[in-house]
Structures are given as C-alpha cells and as structure tokens.
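Overview (structure and organization)
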Amino acid sequence: MEENMNLTPLADAEPKALADAIAEILDNKKGKDIKVMPVADKTDIADYFVLCSGNSNTHIRTLADEVEFQAGERGLAPLSYEGRGNGSWILLDYGVVVVHVFSREAREFYNLDKLYREKRQDSESAE
C-alpha cells in the first residue's frame, strides 16, 4: 500500500501521461504488443487509444482488471468498462484515453492499429 503513495495521481493527468501510465500497467502484467496511438485528429471519442493483446481470455481479463485497479488506486475510475463477459475484447473508457485489450484474433480482425494509422496518413497527405 505504501508503494502506491509515491505514484502520481491520474485523475488530472494530461492525456499522453495517462496513456503512458496505462501502457506501463499493461506492460507490468505482461501485455503483448502495447501501442499508444494518438487519435485526437481522427475521432472525437478520445485523444489516445492504448492497444494491447493478451495470451488468453483469463490474461485479457487480468490485464483490464489491473488497469482498472491501478488507475483506481491513483484516483481515476473508468467512465465505462465494456466486454467484461466477452473475453476477446475489453474496452475501458477513461474519456481522453480509451484502452482496448484484445485477444490476438480479435485484434487482427478489428485491426484498429491499421485503421487509425491509415487515417492519420490520409489526413497528413490532405494537408
């Protein structure tokens, strides 16, 4: 418990700092292929997406639960938590940051990595 007293509160964190803190939580729980993607110029729903893959349904739930727990310990609760019973894709919405924890198959199928990367390239070429 004393360990958490030294952690920076997340409730008022800048979006990038929040996304990076969440990525670190996922990394500490052995999340795979973690990406912090700026999406503010592509969607109104968030400034950043944090994408992560898990090895199994249990690992996916553990990753999402750990983000919720650790962020809560630092003063921040998700606005919503979707996919709790699903096991292949869990979404935690922190307003400026949306966390997506996928199975490898779901991540490949929905391919948010490519979808948002392509949109960024399209908008950059339009400038």
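Just so we're clear, the structure is a prediction, and the values are computed from it rather than from any experiment.

**Describing unusual backbone geometry**
Positive phi values are uncommon outside glycine, yet Lys 30 reaches one of about 65°. Locating Lys 30 in the fold gives a position in the loop between helix H2 (15–28) and strand S1 (32–38). Backbone geometry places Asp 33, a non-glycine residue, at a positive phi of 50°. As for its placement among the helices and strands, Asp 33 is situated in strand S1. Asp 33 sits in the partly exposed class, given a relative accessible area of 48%.

**Details of the pairing of strand S5 (residues 97–103)**
Within S5, 7 of the 7 residues are buried, leaving the element largely enclosed by the surrounding structure. Residue alternation in S5 divides its side chains into two sets, Val 97, Val 99, Val 101 and Ser 103 and Val 98, His 100 and Phe 102, and both sets are buried. With 7 bridges joining them, strand S2 (residues 48–54) and S5 adopt parallel strand pairing. Residue pairing across strands places Val 50 opposite Val 99, the latter belonging to S5. Counting the residues between successive antiparallel strands, the hairpin from strand S4 (residues 89–93) to S5 contains 3 residues, one of them, Gly 95, with a positive phi of roughly 80°.

What counts, and at which threshold
- Residues numbered from 1 in each chain as written.
- Predicted model: local features only at pLDDT ≥ 70, side-chain atom pairs only at ≥ 80, totals over all residues.
- Heavy atoms only, no water.
- Helix = DSSP H or I, 4+ residues; strand = E, 2+ residues; numbered from the N terminus.
- Buried < 20%, exposed > 50% of the residue type's maximum accessible area, 1.4 Å probe, protein only.
- Pairing = 2+ DSSP bridges.

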